Amino acid sequence: MPRVSVEVDGVRYDDDVEPRLLLAHYLRDRLGKVGTPIGCDTSNCGACTVLVDGLSVKSCSVLAVQADGHEITTVEGLGDGQNLHPMQRAFHEEHALQCGYCTPGMIMAALDLLRENADPSDEEIRAGLEGNLCRCTGYQNIVRAVRRAADDMRQAGSTEQREEARS
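Because the structure is predicted, anything quoted here is derived from the model rather than measured.

Student: Tell me what's going on with the packing of helix H2 (residues 86-93) against helix H3 (residues 103-116), and back it up with residues and numbers.
Tutor: Between H2 and H3, the shortest axis-to-axis distance is 10 Å and the interhelical angle comes to 125°. Viewed along their axes, H2 and H3 adopt a mutual orientation that is oblique. Here the hand of the crossing between H2 and H3 comes out right-handed. Of H3, the residues touching H2 (which contributes Met87, Gln88 and Phe91) are Thr103, Met106, Ile107, Ala110, Leu111 and Leu114. Taken together, the residues that form the contact of H2 with H3 break down as 7 nonpolar, 2 polar and no charged.

Pasting the structure below:
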């Protein structure tokens, strides 16, 4: 049985895994990361999106052995336990969810989008989230939440830069 060594949400795991075990099942069943839902098992919906080395991937289309040696971030790894990540907070404050099933994947895909483009237009947000489906909301509040999080994260970044310059 292959052995994988991965860092998930800042914690290192070394495990023997079946060669055909999907990353989504490894995260949920082995590590208890149930914040990564499995919506379709066909990579169509994007609910299971996580970050691997900062890039969004649909964990139902990646084998656990392919994650060997990589850093994985799930939606559960974003906040610090006391405070929500700006993207999580924006989704909450902008009412960007109804049933919530797609929300973890939307948040993770949005973070990858902002990594590439810190100030996306509404059209760019919609294009960046194209592979993630929501069956409830109509997307308007999701777009608004991503825009708000982008603004908050840029603002926080400029504040940090000013504090570093003072030091």
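Next comes the rest of the account.
Student: So what's going on with helix H1 (residues 23-30)? Which residues, and what values?
Tutor: Within H1, the full set of buried residues consists of Leu23, Ala24, Tyr26 and Leu27. Its buried side turned inward, H1 meets strand E1 (3-8), strand E2 (11-16), strand E3 (49-52) and strand E5 (71-73). Count one or two residues on from H1 and you reach Gly32, which has phi positive near 75°.

Student: Can you tell me about the nonpolar core, naming the residues and giving the values?
Tutor: Membership of the largest hydrophobic core comes to 25 residues, with the highest contact counts inside it found for Met87, Phe91, Ile107, Leu129 and Val146. When residues of this core are traced back to their parent elements, those giving at least two are H2, H3 and helix H5 (140-166). Looking at this core, the element that brings in the most residues is H3, giving 8 residues. Look past the residues within four positions of Val146 in its chain and what remains in contact with it is Met87, Phe91, Ala110, Leu113, Leu114, Ile125 and Leu129. If you look at the next biggest cluster of nonpolar residues, it comprises 14 residues, including Leu31, Val50, Ala67 and Ile72.

Rules of the game
Residues numbered from 1 in each chain as written. Predicted model: local features only at pLDDT ≥ 70, side-chain atom pairs only at ≥ 80, totals over all residues. Heavy atoms only, no water. Axes fitted to C-alpha atoms, helices over the stretch in contact; angles between N-to-C directions. Helix = DSSP H or I, 4+ residues; strand = E, 2+ residues; numbered from the N terminus. Parallel < 35°, antiparallel > 145°, perpendicular 65-115°, else oblique. Left-handed = near helix turned anticlockwise from the far one by under 90°. Contact = heavy atoms within 4.5 Å. Nonpolar A, V, L, I, M, F, W, Y, C, P; charged D, E, K, R; others polar. Buried < 20%, exposed > 50% of the residue type's maximum accessible area, 1.4 Å probe, protein only. Core = buried A, V, L, I, M, F, W, Y, C linked by side-chain atoms within 4.5 Å.

None of the figures reported here should be taken as evidence of function without further support.
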